Every structure is written in C-alpha cells, then in structure tokens.
Amino acid sequence: MSERVSPALRKQVVARARQCCEYCGLPDDVALVSHQPDHIIATKHGGQTQLDNLAYACYACNHSKGSDIASVDHISGAVTRLYHPRADRWQDHFRWDGARIDPLTPIGRATEILLRFNEPQRITIRANLLQQHRYPFAGWMTAP
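A short tour of the structure in this document, coming up. Predicted, not measured: the structure shown is a model, and the values here were computed from it. (Residues numbered from 1 in each chain as written. Predicted model: local features only at pLDDT ≥ 70, side-chain atom pairs only at ≥ 80, totals over all residues. Heavy atoms only, no water.)

## Here we look at the overall build of the protein chain
So, point 1. Within the protein chain, the secondary structure is distributed over five helices and six strands.
So, point 2. For the protein chain, the sequential pattern of α-helices and β-strands runs α-β-β-α-β-β-α-β-β-α-α.
So, point 3. Scaling as 2.2 N^0.38, a compact globule of 144 residues should have a C-alpha radius of gyration of about 15 Å, and the protein chain matches this with 14 Å.
So, point 4. As displayed, the protein chain offers around 7600 Å² of accessible surface, 53% of which is attributable to carbon and sulfur atoms.
So, point 5. Side chains of the protein chain give 17 positive and 14 negative charges; the mean places of these two sets differ by 3 Å. (Helix = DSSP H or I, 4+ residues; strand = E, 2+ residues; numbered from the N terminus. Rg over C-alpha atoms; globule rule 2.2 N^0.38 Å. Areas by Shrake-Rupley, 256 points an atom, 1.4 Å probe, with all protein chains shown as cover. Lys, Arg positive; Asp, Glu negative; His and termini not counted. Charge placed at Lys NZ, Arg CZ, Asp CG, Glu CD.)

## A short note on the nonpolar core
So, point 1. In terms of nonpolar packing, the biggest core is built from 24 residues, with Cys21, Tyr23, Cys24, Cys61, Ile101, Phe117 and Tyr135 touching the most fellow members.
So, point 2. Going through the elements one at a time, strand 2 (54-57), strand 5 (94-97), helix 4 (106-115) and helix 5 (120-131) are the ones with two or more residues in this core.
So, point 3. Broken down by element, the residue count for this core peaks at four residues, all from helix 4.
So, point 4. Counting residues in each nonpolar core, the second largest holds seven residues, with Val5, Leu9, Ala17 and Tyr56 among its members. (Core = buried A, V, L, I, M, F, W, Y, C linked by side-chain atoms within 4.5 Å. Buried < 20%, exposed > 50% of the residue type's maximum accessible area, 1.4 Å probe, protein only.)

## Considering a nonpolar patch on the surface
So, point 1. On the surface, Leu32, Val33 and Tyr59 cluster together into a nonpolar patch covering about 360 Å² of accessible area.
So, point 2. Mapped onto the secondary structure, Tyr59 falls in helix 2 (residues 59-65). (Patch = residues over 30% accessible without salt bridge, like charges linked within 9 Å, V, L, I, M, F, W, Y side chains within 5 Å. Salt bridge = Lys/Arg side-chain N within 4 Å of Asp/Glu carboxyl O.)

Here it is as structure tokens:
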C-alpha cells in the first residue's frame, strides 16, 4: 500500500502539474473523478512519497498504470520502462495527431498501450476539448 500523500505535498504536485494529468494532459477541472498523485516508482518497488517521485495523474492513467514501472514494447517485444514525468520530456516520446497521442519511442509505445491513451472515449473527450481550445494546457506538452 502506498504512503498517504500529505495535503501540503499534494498541493505542490498539483501546482507543478498546472492541474493537468502529467501522462495524458487531461485538465482536472473536466474530469469526473479527481486527479490523484501517482507514485511514478511505486512504493512496493522502493519509490518514496516525495515530490520528485509523484506525478499528477487522471483516474484513467493512474488506474491503468497501477504500480507498474515497465511494460512490453509491442514492436521489439522487449520489456521497456514507462514514461517518467520527472526524468523524460513528454515531446521526446509522444506527438499529437489531432486528438490522438502517438508514441515515438519504445518508452512511448509501452506507456501508450499500458495507459490506454487512445481508447475511443478518451480520444472523443480530447477532441471535444481541442475544439473548445481547452486541451492541452501543460507546458511540457507540444500542442497539436
């Protein structure tokens, strides 16, 4: 079980993420379920409950990721680490294709598949937000 994130630490995580999921960029003010601090490296794998190991994650990304730190790249078949919001630049591993998030690297492919970025309902939500000029917000993402 993960250590509880204190209210003060949670506030820092939210502010750093500019209130958007650090994996898919979904703004938290449009989500039906509140975003949550995610242990990038789960505590069961030795990750600590501290700012540099926490990412702000929407329910869909956090639920899909769980405690995973790697997945299989479906092209090479190799076990590949997941995107790490503190160590990686989003635009090095992903690009926009309209409302789709397309992976560019093995890390991007493993993350995109595991976190289910391009499920139809998630694409529809992003497309609607794009039309309203409400997506993406986070400065670490390159706009479509």
